Amino acid sequence: TFIKAYVNCDKLKKDEQFSYWLYRILNRTAWQIAKKHVKERPEERILELADTSTVDSPAVKVLQDEQERVAAAVCALTGTVCMAGGKIAGYVGGTRAGSQTSDFSDIGKLEKKLDVAVNAPEAFDNGYAFADASIADFDALDEDGIKVGNESELAVMYEKDGKRLHYTVKKGATILSDEEIAGAQVIEKDGITYYYMQHDYLFLPHNEEPTAEEVAAQDAGSLYISYGSDERQEQTSYSLWWNVDGQSYSLMGFDLDLSAQEMVDMALQIK
């Protein structure tokens, strides 16, 4: 890290470049540490993406925005999925450099890049309005941390009264496990099966440990624990999943005042 700071010291002297270069240095260092954990050297493409990320990336925005984007991406990629290399146990990745836009008319360009159709409305009837859109790229890892495939999704974020709603689309159907289906509210509408789910999340500072009860809940799959927040936070995610014409769709947000039927009504506006 110090070597990277020294090499770029001339740029660090410029105030407008300081946060950008600090982010690059920390991002690359984090990937170097991560590669030891997953027992696999990251591809150079990952480090290149780290270098081309900017301070406008969701990864360096306010913590709440970062947490919600990551959690939404994880929710959108969950499910019993298998690739040629084996069953997927997790994902690593983030927003594609240069893809994020706050211009609604740019969504068509993102659709072409992923060859997907999102049919996103600029606003829903209940007041949730377009905020931004981006592409997220993820490497799929097996239980040993070895890459077995990759996924990309187009994510559109909507906002209303401080609440964020994430709408994501990716190629390929999401196949839920029997356990996931058992815990979901299933709604049939116009020949489409919708799965409505709730999950509890616990965000903790790095120096705080979860209780034994919380660890047990995490092991049981009823609680998701994430580290890195400024303070202890407990939130509930609400999500709706469905598959149509070889694409997977989801709506997801934290602490939303939306029922299962209300989220289905929103999904019906995506045409």
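Computed from a predicted structure; not experimentally measured.

1. With respect to the overall build of the protein chain
No. 1: Per the secondary structure count, the protein chain includes 9 helices and 11 strands.
No. 2: The burial tally for the protein chain puts 44% of its 271 residues in the buried class.
No. 3: Long-range pairs, those at least 24 residues apart, make up 65% of the contacts in the protein chain between residues at least 6 apart in sequence.
No. 4: As presented, the protein chain carries roughly 14600 Å² of accessible surface, and 51% of it is formed by carbon and sulfur atoms.

2. Some thoughts on the confidence of the model for the protein chain
No. 1: Across the protein chain, pLDDT averages 76, with 66% of residues at or above 70.
No. 2: Note on residues 79-86: pLDDT under 50 across the span, and 21 contacts to partners over four residues away in sequence or across chains.

3. With respect to the nonpolar core
No. 1: In terms of nonpolar packing, the biggest core is built from 33 residues, with Val156, Tyr158, Tyr167, Leu240, Trp242 and Leu251 touching the most fellow members.
No. 2: Only helix H6 (107-114), strand E4 (129-141), strand E5 (147-160), strand E6 (163-171), strand E8 (192-204), strand E10 (233-244), strand E11 (247-254) and helix H9 (260-267) provide two or more residues apiece to this core.
No. 3: Ranked by residue count, the leading element in this core is H9, at 5 residues.
No. 4: With sequence-adjacent residues up to four places away left out, Trp242 is seen in contact with Tyr167, Ile192, Thr193, Tyr194, Gln247, Ser248, Tyr249, Ser250, Leu251, Ala267 and Ile270.

4. A word on the pairing of E4
No. 1: Counting buried positions along E4 gives 12 out of 13 residues, so the element sits mostly inside the fold.
No. 2: With 12 bridges connecting them, E4 and E5 associate as antiparallel partners. Each residue of the ladder has a partner; that of Phe130, found in E5, is Tyr158.
No. 3: Between the antiparallel neighbours E4 and E5 lie 5 residues, among them Gly145 with a positive phi of about 80°.

5. Considering the pattern of salt bridges
For side chains bearing opposite charge, pairing can occur when the charged atoms are close.
No. 1: Scanning the entire structure with this criterion turns up 8 salt bridges.
No. 2: One salt bridge connects Asp115 with Lys171, and the closest N-O pair in it is separated by 3.7 Å. Placement of the pair is Asp115 in the loop between H6 and E4 and Lys171 in strand E6, with a sequence separation of 56 residues.
No. 3: The partner of Arg232 in a salt bridge is Glu214, and the shortest N-O contact between them spans 2.1 Å. One end of the pair, Arg232, is in the loop between strand E9 (223-227) and E10; the other, Glu214, is in helix H8 (residues 212-219), with 18 residues separating them in the sequence.

6. Overview of the pairing of strand E7 (residues 185-189)
No. 1: Direction of pairing for E7 relative to E8: antiparallel, over a ladder of 5 bridges. For Lys189, the partnering residue across the bridge sits in E8 and is Ile192.
No. 2: Here E7 hands over to E8 after 2 residues, with Asp190 in that stretch at a positive phi of 55°.

7. A word on the packing of aromatic side chains
No. 1: One pass over the structure, following the stated rule, counts 9 aromatic pairs.
No. 2: Considering the side-chain rings of Tyr201 and Tyr224, the 5.1 Å spacing of their centres and the 20° angle between planes classify their relative orientation as stacked. Here Tyr201, found in strand E8, pairs with Tyr224, found in strand E9; they are 23 residues apart in sequence, far enough to count as distant.
No. 3: Residues Tyr201 and Phe254 carry aromatic rings whose centres are separated by 5.1 Å and whose planes lie at 80° to one another, so their mutual orientation is edge-to-face. With Tyr201 in strand E8 and Phe254 in strand E11, the pair connects residues that are 53 residues apart, well separated along the chain.
No. 4: Ring pairing ties together the aromatic residues Tyr167, Tyr194, Trp242 and Tyr249, which thus form one cluster.

Analysis parameters
Residues numbered from 1 in each chain as written. Predicted model: local features only at pLDDT ≥ 70, side-chain atom pairs only at ≥ 80, totals over all residues. Heavy atoms only, no water. Helix = DSSP H or I, 4+ residues; strand = E, 2+ residues; numbered from the N terminus. Buried < 20%, exposed > 50% of the residue type's maximum accessible area, 1.4 Å probe, protein only. Contact = heavy atoms within 4.5 Å. Areas by Shrake-Rupley, 256 points an atom, 1.4 Å probe, with all protein chains shown as cover. pLDDT = per-residue confidence, 0-100. Core = buried A, V, L, I, M, F, W, Y, C linked by side-chain atoms within 4.5 Å. Pairing = 2+ DSSP bridges. Salt bridge = Lys/Arg side-chain N within 4 Å of Asp/Glu carboxyl O. Phe/Tyr/Trp six-rings, centres within 6.5 Å; stacked < 30°, edge-to-face > 60°.

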